[in-house]
Amino acid sequence: MLHAKMAPMTEATLVSRFAPSPTGALHLGNARTALFNFLLARRSGGRFILRIEDTDAERSSDAYLEALVEDLRWLGLDWQEGPDTGGHSAPYRQSERTGLYADFQERLLVTGAAYPCYCTPAELELSRRTQLAAGRPPRYAGTCRELTAAQRRDREAHGLVPTLRFRVQPGAEVVFDDIVHGPQRFATDDIGDFIVRRADGSAAFFFCNAVDDALMGVSHVLRGEDHLANTPRQLLVLKALGLTAPTYGHVSMIVGDDGAPLSKRHGAPSLAGLRERGYLALAVRNHLFRLGHAPAVQGTLAIDAMAEAFDIGRLGRSPARFDLVQLDSWQKEAVHGLTDDAFARWARAALAAVPPAEQAAFIAAVRPNVVFPDDVAAWARVVFGDAPSLSEAGVAVVRDAGGAFFGAAAAAAAASGNDLAAITAAVREATGRKGPALYKPLRLALTGLDHGPELAPLLRAMPRAKARERLIRYAG
Ligand code: GLU
Ligand code: ZN
């Protein structure tokens, strides 16, 4: 008995989904796939589904699933249906849909669209190698295609547990339009009969991925280009079952700056890795949004503006380059846009060394110069830590400015409450110095560095005793 619960929907409802396998940390390629599908639904007021493809029990884990949900929420995505939210196509974990798959597999068996295959892994491997050695692409040899009922009984009597294999009709073509790649044609002669149920009873990817899209009413699938060649098999399954296929779009792969598929050595860790380094979701989203997608709108976009600007007509075919420099420039913008409260939350650990009364002044002073919480921590050490030690060149600059310079500076700092204008006026009067000759020694003495945030606000955040102490050191 088939219980095809087609989603009740109007013609116009767009339904997209993200269908990860919880077998590891969410990497950037999958995060982008999730974002694109989310935006596609969002821009048209449609539904976005999170479906967990965990039929591979050995590689899937609940811990990965939990991390996945946390990562997606952190990225700012939400879904109308999913394992944690429920919905009318529940359950949303494929491991809980085995009974449902069994009905459809039975139907494939009964109609002859699929057949039991008794080949052992060793036999299949041998056949594969033989074909490769003969210079042919390896394909299922068709060994069990035409077994009689008696032959099947015989194999089962010998304890062989069959897989269920889909029968691909030879001499035909599978034709479809890909949103990104345009018209596609695949000869069925190039597609070997493939497994829809493994010997352990679990449903295979081609089968459950396709069936679930149909049962959940998915209208659009955006996914990685590595799945393009899987699509014909999935369309064959859907056709054999009389189910409606979604429209597919296969988005380009993400590569590193050397053109190789993105990996850890490109400085591109998992989404969680980026979050731990202090990247803001707004920055990550804005970079992902532009990987393989060329929106007409520039600048940092909030979620709704991003959904509006998302355009499947602007998905590109060439590999998309992940660029840490670009990501960091989005990050810089995102940090500038934080409210003081959000900044304080973002850099909470780094701000532990900052006296609460100085926090607002300190944030205002360093914000233009920080990209990561580590930068905030570094400036907190400069302003609130021990007096800095100078490089040899720094010492020379300070010595050259002389004792009178710093004597005037320290007195003015104490009298004015760290007012840079008052300090420079006093030093100018005492020494006749101006421009860099005036500012550089001050900055060096106060911060130990010859670069950094604007000095006036930084100095205002600095405890007065510290400023005085740092200036008076060189007054003698
Ligand atoms: N579980 C598959 C993957 O993570 C889903 C592919 C798809 O989106 O159809 O690659
Ligand atoms: Zn076989």
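A few points on the structure. On a predicted model such as this, the values are computed, not experimentally measured, just so you know.

Calculation notes
- Residues numbered from 1 in each chain as written.
- Chains lettered and ligands numbered in written order.
- Predicted model: local features only at pLDDT ≥ 70, side-chain atom pairs only at ≥ 80, totals over all residues.
- Heavy atoms only, no water.
- Donors = N, O, S within 2.8 Å, 3.2 Å for Na, K, Ca; no water.
- Tetrahedral: all angles 85-135°; square planar, octahedral: opposite > 155°, others 65-115°.
- Helix = DSSP H or I, 4+ residues; strand = E, 2+ residues; numbered from the N terminus.
- Buried < 20%, exposed > 50% of the residue type's maximum accessible area, 1.4 Å probe, protein only.
- Polar contact = N/O pair within 3.5 Å; in protein donor to acceptor, adjacent residues only side chain to side chain.
- Contact = heavy atoms within 4.5 Å.
- Near = heavy atom within 4 Å.
- Areas by Shrake-Rupley, 256 points an atom, 1.4 Å probe, with all protein chains shown as cover.
- 1 Å grid on protein atoms, 1.4 Å probe; cavity = no way out; pocket = protein on both sides within 12 Å on 5 of 7 lines; lining within 4 Å.
- Sits in = over half its atoms within 2 Å of the grid points.
- Nonpolar A, V, L, I, M, F, W, Y, C, P; charged D, E, K, R; others polar.

Observations regarding the coordination of the zinc ion (ligand 2)
- Within the protein, Cys117 (SG), Cys119 (SG), Tyr140 (OH) and Cys144 (SG) serve as the donor atoms for the zinc ion (ligand 2), at 2.0 to 2.3 Å.
- Coordination at the zinc ion (ligand 2) is tetrahedral: its four donor atoms span angles of 102 to 122 degrees at the metal.
- Sequence positions of the residues that donate to the zinc ion (ligand 2) give the spacing C-x1-C-x20-Y-x3-C. In this pair, Cys119 sits in the loop between strand E3 (114-117) and helix H4 (121-133) while Cys144 sits in the loop between H4 and helix H5 (149-157), placing the two residues 25 residues apart along the sequence. Here Cys119 and Cys144 have matching classes, each one buried.

Brief notes about the side chain of Ser60
- Inspection of the secondary structure assignment puts Ser60 in the loop between strand E2 (47-50) and helix H2 (62-75).
- At 2.8 Å, the side chain of Ser60 and the backbone oxygen of Asp56 are in polar contact.
- Apart from residues no more than four positions distant in its own chain, Ser60 is found in contact with Pro22, Thr23, Glu53 and Asp54.

Let's talk about the site of ligand 1
- Lining the immediate surroundings of ligand 1 are Arg17, Ala19, Ser21, Glu53, Phe205, Asn209, Arg223 and His227.
- In the model, an oxygen atom of ligand 1 is placed 3.0 Å from a nitrogen or oxygen of the Asn209 side chain.
- Expressed as a share of its isolated accessible area of 300 Å², the protein-covered part of ligand 1 is 84%.
- Its atoms largely coinciding with the cavity grid, ligand 1 occupies the largest pocket.
- Here the residues of the shell around ligand 1 are counted per class, giving two nonpolar, three polar and three charged.

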